[in-house]
Amino acid sequence: QVQVVESGGGVVHPGGSLRLTCQASGQIFHSYAMGWFRQAPGKDREFVAAFSWKDSKTYYPNSPKGLFTISGDGAKNTVWLQMNNLKPEDTAIYYCAFTSIETTNLNWPVMYDYWGQGTQVTVSS
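Just so it is clear, the structure is predicted and the values come from calculations on it, not from any experiment. Every chain begins its residue count from 1, and numbering advances along the sequence as written. Note on the predicted model: pLDDT of at least 70 is required for a residue's local features to be given, and 80 or more for side-chain atom pairs to be given and counted; whole-chain, interface and lining totals, by contrast, use all residues. Only hydrogens and water are removed before side-chain values are computed, so all heavy atoms of the structure are retained for them.

What follows deals with the sheet that holds strand 1 (residues 2–7). Note on pairing: DSSP must find at least two bridges between two strands before they are called paired. The secondary structure listing takes helices from DSSP runs of H or I that are at least 4 residues long and strands from runs of E that are at least 2 residues long, numbered from the N terminus. The sheet built from four strands is open, its strands ordered 1-3-8-7 with antiparallel pairing. This sheet does not close on itself; its edge strands, each paired only once, are strand 1 and strand 7 (67–73). The average angle at which neighbouring strand axes cross in this sheet is 15°, direction not considered. Taken together, the six bridges between strand 3 (residues 18–26) and strand 8 (residues 78–84) define a ladder with antiparallel strand orientation. Directly across from cysteine 22, in strand 8, lies its bridge partner valine 79. Whenever a helix is involved, its axis is fitted only over the stretch in contact; in every case the axis is a line through C-alpha atoms, and angles between N-to-C directions fall within 0 to 180 degrees.

And the structure:
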């Protein structure tokens, strides 16, 4: 079993920044990538970014979610999501996910084996 834990959410003013952290732990026999998704009230979960350990490649949606940058440390099974110039529409629960599946379809939630509980990000004046 793998545990995924997010941290770093909070309340920020428009134009502000936050850095989310996600760490996977437990019985990790093979780790391929970790990703971030978000879900706002009444909306579907959407892909934000992913990081592949194999080649340290980053993945973003075709329409990037603002000034977001993902980075990672494979030795620690940890990824970070740096979010700059946040807007009210970025308000959502941000979820981190872990996958052992070697795939380029990291924007698909079904590709992930384990998910965290989510961390709330609220952008409000």
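What follows is about the state of the cysteines. The rule for a disulfide is simple: a pair of cysteine sulfur atoms within 2.5 Å. With the rule as written, the count across this model stands at one disulfide. Between the sulfur atoms of cysteine 22 and its disulfide mate cysteine 96 the distance is 2.0 Å. The sign of the -90° torsion about the S-S bond sets the cysteine 22-cysteine 96 disulfide as left-handed. Of this pair, cysteine 22 sits in strand 3 while cysteine 96 sits in strand 9 (residues 92–99), and the two are 74 residues apart along the sequence.

Both strand 7 and strand 8 contribute to a ladder of seven bridges, which runs antiparallel. By the bridge assignment, serine 71 is partnered in strand 8 with tryptophan 80. Hairpin connection of strand 7 to strand 8: four residues between the antiparallel strands, including asparagine 77 at a positive phi of 50°.

Bringing the pattern of salt bridges into the picture now. A carboxyl oxygen of Asp or Glu within 4 Å of a side-chain nitrogen of Lys or Arg is what we treat as a salt bridge. On inspection of all chains with the given rule, the structure shows three salt bridges. One salt bridge connects aspartate 90 with arginine 38, and the closest N-O pair in it is separated by 2.9 Å. Placement of the pair is aspartate 90 in the loop between strand 8 and strand 9 and arginine 38 in strand 4 (residues 33–39), with a sequence separation of 52 residues. A salt bridge links glutamate 102 to lysine 54, with the nearest nitrogen and oxygen atoms 3.6 Å apart. Of the two residues, glutamate 102 is situated in the loop between strand 9 and strand 10 (114–115) and lysine 54 in the loop between strand 5 (46–52) and strand 6 (57–59); the sequence distance between them amounts to 48 residues.

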